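Descriptive analysis of the structure
Spelled out from the first residue to the last, the chains are:
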Amino acid sequence: MYAIVQIGGHQYKVAENDVLFVDKQNAESDTLTFDQVLLVKEGEGKVKIGTPVVEGATVTAKLLDTVKADKVLVFKKKRRKGYQKLNGHRQVLSQIQIEDISLTGGSKKTAKSAKKDAPAAAAKEAPKKEAKAESTKDLSSHTVAELKEMAKEQGLTGYSSMKKAELIEALKS
């Protein structure tokens with residue numbers, strides 16, 4: 001099993017027990033969890049590709065050490081002008097070891113908090129339905145973006161190239 005994970009703006013192909021160097025990770029504990037998993041390959045032919053990330057997938061890693069990379073020398077010179085400049089830079093890196101690749105470990109809400117939020121979610125949906133009924137009466141007061149969103153919800157095709165008047169006409173029918 002391996003995964004493609006995004007860490008610090010870079011993408012890495014990781015498998016369990018891999019040791020890699022990434023940009024410095026500021027973490028209080030030695031365990032890191034990355035939820036920007038772009039692809040997971042489980043076994044023979046079982047590939048899950050995210051859009052842009054795989055829902056619920058996480059990669060857990062252990063912070064081993066913080067080190068500096070090799071020195072990079074930056075030399076600037078303008079010929080015949082007597083100008084020379086030499087700078088050096090050492091990037092700070094974190095050495096991590098991948099412990100686990102999980103497809104179901106990334107739930108940010110617990111089951112209890114999801115049950116508590118269920119009535120609130122139902123209360124939010126009711127005004128949306130009422131607003132939708134009112135919005136069909138007077139479509140000219142909406143913006144083109146709102147009209148395109150309504151057309152998308154209704155399953156209309158070709159709405160992206162329509163003008164406002166054409167969208168209103170299509171939504172009324």
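Relevant structure appears above.
Residues numbered from 1 in each chain as written. Predicted model: local features only at pLDDT ≥ 70, side-chain atom pairs only at ≥ 80, totals over all residues. Heavy atoms only, no water.

**Remarks on the overall build of the chain**
What counts is decided by this rule: Labels follow the DSSP assignment, with helices taken as runs of H or I lasting at least four residues and strands as runs of E lasting at least two, numbered in each case from the N terminus. Residue contacts are defined here by distance: any two heavy atoms, one from each residue, within 4.5 Å place the two residues in contact. All accessible-area figures derive from a Shrake-Rupley calculation using a 1.4 Å probe, and residue coverage is judged against the displayed protein chains alone.
Counting secondary structure elements, the chain contains 3 helices and 10 strands. If you list the helices and strands of the chain from N to C, you get β-β-β-β-β-β-β-β-β-β-α-α-α. Looking at the chain alone, contacts between residues at least 24 apart form 56% of all its contacts between residues at least 6 apart. Entry remark: accessible area of the chain is about 12,700 Å², with carbon and sulfur atoms responsible for 50%.

**Observations concerning the packing of aromatic side chains**
Heads up, the rule is: Two aromatic rings, drawn from Phe, Tyr or Trp (for Trp, its six-membered ring), form a pair once their centres lie within 6.5 Å of each other, and the interplanar angle then sorts them: stacked below 30 degrees, edge-to-face above 60, tilted otherwise. We call a charge positioned above a ring when the Lys NZ or Arg CZ atom is no farther than 6 Å from the ring centre and deviates by at most 35 degrees from the ring normal.
Within this structure, the stated rule accounts for 0 aromatic pairs. Here K13 stacks its cationic end above the ring of Y2, 4.4 Å away from the centre of that ring. K78 extends its terminal NZ or CZ atom over the ring of Y83, reaching a point 5.6 Å from the ring centre.

**Re the sheet that holds strand β6 (residues 47-49)**
Hydrogen bonding along the main chain pairs the strands of a sheet, whether they run parallel or antiparallel. As a reminder, the rule being used: A pair of strands is labelled paired if DSSP reports no fewer than 2 bridges between them. The axes are straight lines fitted to the C-alpha atoms, using for helices just the contacting stretch, and the angles between their N-to-C directions are given from 0 to 180°.
With antiparallel pairing, the 4 strands of this open sheet are ordered in space as β2-β1-β5-β6. Two strands in the sheet have a free side with no partner beyond their single neighbour: β2 (10-15) and β6. Taking each pair of neighbouring strands and ignoring which way they run, the sheet shows an average axis angle of 15°. Sheet topology places strand β5 (residues 37-41) next to β6; 3 bridges connect them, and they run antiparallel. By the bridge assignment for β6, K41 is matched with V47.

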